[in-house]
Amino acid sequence: MSDEDDIILAELDDEELVQQMFDDLYDGLKEEIEEAVQILLERGWQPYDILTKALVGGMTIVGADFRDGILFVPEVLLAANAMKGGMAILKPLLVETGAPRVGKMVIGTVKGDIHDIGKNLVGMMMEGAGFEVVDLGINNPVESYMEALEKEQPEILGMSALLTTTMPYMKVVIDTMVEQGVRDNYIVLVGGAPLNEEFGKAIGADAYCRDAAVAVETAKEWVGRMHNRKSA
Ligand code: B12
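Residues numbered from 1 in each chain as written. Predicted model: local features only at pLDDT ≥ 70, side-chain atom pairs only at ≥ 80, totals over all residues. Heavy atoms only, no water.

K.L.:
Please explain the sheet that holds strand 1 (residues 103-109) as it appears in this structure.
P.N.:
Where strands meet in a sheet, backbone hydrogen bonds hold them as pairs that are either parallel or antiparallel. One open sheet holds the 5 strands; their spatial order is 2-1-3-4-5, and the pairing between them is parallel. Looking at which strands have only one partner, the edges of the open sheet turn out to be strand 2 (131-135) and strand 5 (207-208). Bridge count for strand 3 (residues 156-160) against strand 4 (residues 187-191) is 5 bridges, and the pairing is parallel. What sits directly across from Gly158, in strand 4, is Leu189. Together, strand 1, strand 2 and strand 3 form the strand contacts of helix 5 (residues 117-128), whose direction differs from that of strand 2 by roughly 155°. Contacts between helix 6 (residues 142-152) and the sheet are confined to strand 1, strand 2 and strand 3, with strand 1 contributing the most and set at about 165° to the helix. (Pairing = 2+ DSSP bridges. Helix = DSSP H or I, 4+ residues; strand = E, 2+ residues; numbered from the N terminus. Contact = heavy atoms within 4.5 Å. Axes fitted to C-alpha atoms, helices over the stretch in contact; angles between N-to-C directions.)

K.L.:
It is not clear to me how helix 5 should be interpreted in this structure. Could you clarify?
P.N.:
Turn by turn, an α-helix covers 3.6 residues, leaving residues three or four places apart pointing in a common direction. The end-to-end C-alpha distance of helix 5, which contains 12 residues, comes to 16 Å, matching closely the 16 Å that a straight helix rising 1.5 Å per residue would cover. When you tally the buried positions in helix 5, you get 10 out of 12 residues, the bulk of the element. Of all the residues in helix 5, the buried ones are Ile117, Lys119, Asn120, Leu121, Val122, Gly123, Met124, Met125, Met126 and Gly128. Residues of helix 5 that are buried make contact with helix 3 (47-67), helix 4 (73-94), strand 1, strand 2, strand 3 and helix 9 (212-231). Gly130 sits one or two residues past helix 5 and shows a positive phi near 100°. (Expected span 1.5 Å × (residues − 1). Buried < 20%, exposed > 50% of the residue type's maximum accessible area, 1.4 Å probe, protein only.)

K.L.:
Looking at this structure, how should I read the environment of Met170?
P.N.:
Residue position: Met170 is located in helix 7 (residues 169-179). Given a relative accessible area of 0%, Met170 falls into the buried group. Sequence-wise, Met170 and Gly158 are 12 residues apart; in three dimensions their C-alpha atoms are separated by 9.8 Å. Excluding its chain neighbours within four sequence positions, the residues that come into contact with Met170 are Val110, Met159, Ser160, Ala161, Val190, Gly191, Leu195, Phe199 and Ile203.

And the structure:
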């Protein structure tokens, strides 16, 4: 094509390419995002840096314009789809092979909520750190969590919520765990943009994690403590 807008990604320097990825993510251009991710990998970028600097960075811009009514659901879905394309390339690279199993996590987005990008990112990073991850997907009622805990016997339960209207559902799950006498058998980690530490404490979670990197650190710390407690 001789279109003057037709940019050749491989000819951009790193900074320009990341800027272009912000634009392409904004426009929901999955193939371009995938190509750019490959280029950055070839240039020696760490998968985690591509994820956080280019993909999450771009999604932050999308998020701001969605909030301000400049973008609408269909556009954001396309952006999310483009982001997932990039994440799919990075996933096997973030998931180290042969890493000793550190623990197991069941993770899912709560009932009424279909946001899953953040949850998927946490799952990927946890796998990369050597955890086995069982992903329950989106829109999970309390029953799915309880069944999965019983069946999978993980050390950790992770819940994600992106809406102020769905985040209180995390408490429904924790209260049910308490009622059934199993709360103390698990480490409960919660996350999602509208949450904060105070909310995590108020609903009885063990920790709120603001991002996937903190989730990994927190999970390792708590699993270490749990094992020490069991062997004491
Ligand atoms: C993408 C998106 C969508 C996409 C979701 C696609 C998908 N597959 O996920 C679509 C278009 C479907 C969507 C729909 C809606 N959305 Co929306 N969406 C977003 C957006 C722009 C980005 C979210 C995202 O993916 N962020 C990137 C990831 C990487 O970040 P993250 O999710 O926060 O996750 C990180 C941390 O929070 C943490 N974390 C997350 N989960 C967990 C779990 C655990 C266990 C741990 C430890 C950590 C952790 O780690 C993650 C990685 O670092 C946000 C804006 C925003 N600022 O968040 C709005 C936003 C969340 N959406 C919003 C709204 C209102 C909606 C709709 C109701 C819109 C509508 N009118 O229909 C619907 C709701 C549908 C539903 N029932 O769930 C509002 C919520 C406002 C509120 N106060 O509740 C927001 C804040 C936008 C806004 N400002 O208005 N949305």
